[in-house]
Amino acid sequence: MNSFSFQSFYLLIILLGLMATSNSFAAIKKICAKNADIIFVLDASSSIWGPDFTKQLNFVKSVINEFNIYSDGSGTRVGVLTFSNPEKVKIQFNLNTHFNRSKLMSAIDSIGQSLGNTYTNVALSRVRGQMLRKEAGLRVDDPSVIKMVIVMTDGVSEYPPRTALEAKLIQNTGVRVLSIGIGNVNMQEINALASEPKENNTFIVDTFKGLSAIKEILAVRACDIKTPIPPPVCEVVQKSDVAFVLGDMITSNTKKLNGAITLIKNISSEFEIGPEKMLVSLVPKDCTAPGFDFKDYKSNEEVNQHLDNVEVGICWV
């Protein structure tokens, strides 16, 4: 009797050990074994309740946990940008900042909510101009790495046409954009943010609490497609000065001005702006929504930041 009990107990220990080992393997198994460069663009505006902003950060961490993070940077890399007002748009960290998983999670936990309005267009412009760069950690030379931007928002942006355009400019680089709308959102804008096919890259949840329900499907879809980044349209390095001149019929009309700003961004994005390359100016300059001289800005990022803040003004006339 005692011998039987001892054997049964011994067998039970072995079985429990096997179960624990099996569970450990299951715990470390990731949904996506592919390497990815993922940039999260997080709404930090005043429309989000503080505890819900924390839920948003926890969701980001849960998604990251479905990807492999390696200390040498060869696995998945993560960058985060938060946005509200233009002056509060902030790159929390770039793709090449944190390769250690625990430090990455701690960096996410330390992100604060800036509060303000919803300038999604400025956020996307900053992502394209400063984060989707080789020097910021984007592996542009490795087509096997998935490149994606995940935008999370609970509201309508201040300038929906510009937001849609900025999303399109990112998509045109070959980077996939996934959009997550939370609550009573504008579906037209959420769809405009996302890459094609829209049904695979758009996610809607009723509340921030509901984010946990889409974690696995988001990771699966994000892992499903890789889109190679196309080569630059113009590879010839040649000095040039380009002046954009806007008439009063454009500068006094919001819709026309938005279209003109978009056109300027589209053209200048195909070239590298710099003292020994291409310089840009915008005419006229003397008004509250000013243009700028050739000497004012020395990079694409500086030009885009200026353009993001241009508004209709009667002083243009």
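Presented here is an overview of the structure given in this document. (Residues numbered from 1 in each chain as written. Predicted model: local features only at pLDDT ≥ 70, side-chain atom pairs only at ≥ 80, totals over all residues. Heavy atoms only, no water.)

### Details of a nonpolar patch on the surface
A contiguous nonpolar surface patch, about 210 Å² in accessible area, is contributed by I31, I217 and V220. Position of I31 among the secondary structure elements: in the loop between helix 1 (2-28) and strand 1 (36-43). Note on I31: relative accessible area 34%, which makes it partly exposed. (Patch = residues over 30% accessible without salt bridge, like charges linked within 9 Å, V, L, I, M, F, W, Y side chains within 5 Å. Areas by Shrake-Rupley, 256 points an atom, 1.4 Å probe, with all protein chains shown as cover. Salt bridge = Lys/Arg side-chain N within 4 Å of Asp/Glu carboxyl O. Helix = DSSP H or I, 4+ residues; strand = E, 2+ residues; numbered from the N terminus. Buried < 20%, exposed > 50% of the residue type's maximum accessible area, 1.4 Å probe, protein only.)

### With respect to the packing of helix 5 (residues 160-172) against helix 10 (residues 254-268)
For the pair helix 5 and helix 10, the least separation of the axes is 10 Å and the interaxial angle reads 15 degrees. Taken as axis vectors, helix 5 and helix 10 run roughly parallel relative to one another. Remark: the crossing between helix 5 and helix 10 carries right-handed chirality. Facing R162, L165, E166 and L169 of helix 5, the residues of helix 10 in contact are N258, I261, T262, K265 and N266. Residues belonging to the contact of helix 5 with helix 10 are distributed by class as follows: three nonpolar, three polar and three charged. (Axes fitted to C-alpha atoms, helices over the stretch in contact; angles between N-to-C directions. Parallel < 35°, antiparallel > 145°, perpendicular 65-115°, else oblique. Left-handed = near helix turned anticlockwise from the far one by under 90°. Contact = heavy atoms within 4.5 Å. Nonpolar A, V, L, I, M, F, W, Y, C, P; charged D, E, K, R; others polar.)

### Examining the nonpolar core
Judged by nonpolar contacts, the single largest core of 39 residues is most densely connected at F40, I64, I150, M152, I180 and L211. Put simply, the parts of the chain that give this core at least two residues each are strand 1, helix 2 (50-64), strand 2 (77-83), helix 3 (101-109), strand 4 (146-153), strand 5 (176-182), strand 6 (202-205) and helix 8 (215-224). Ranked by residue count, the leading element in this core is helix 2, at six residues. Residues L124, V151, A167 and V185 belong to the second largest nonpolar core, which totals 23 residues. (Core = buried A, V, L, I, M, F, W, Y, C linked by side-chain atoms within 4.5 Å.)

Interpretation note: all reported values are geometric properties and have no functional meaning in isolation.
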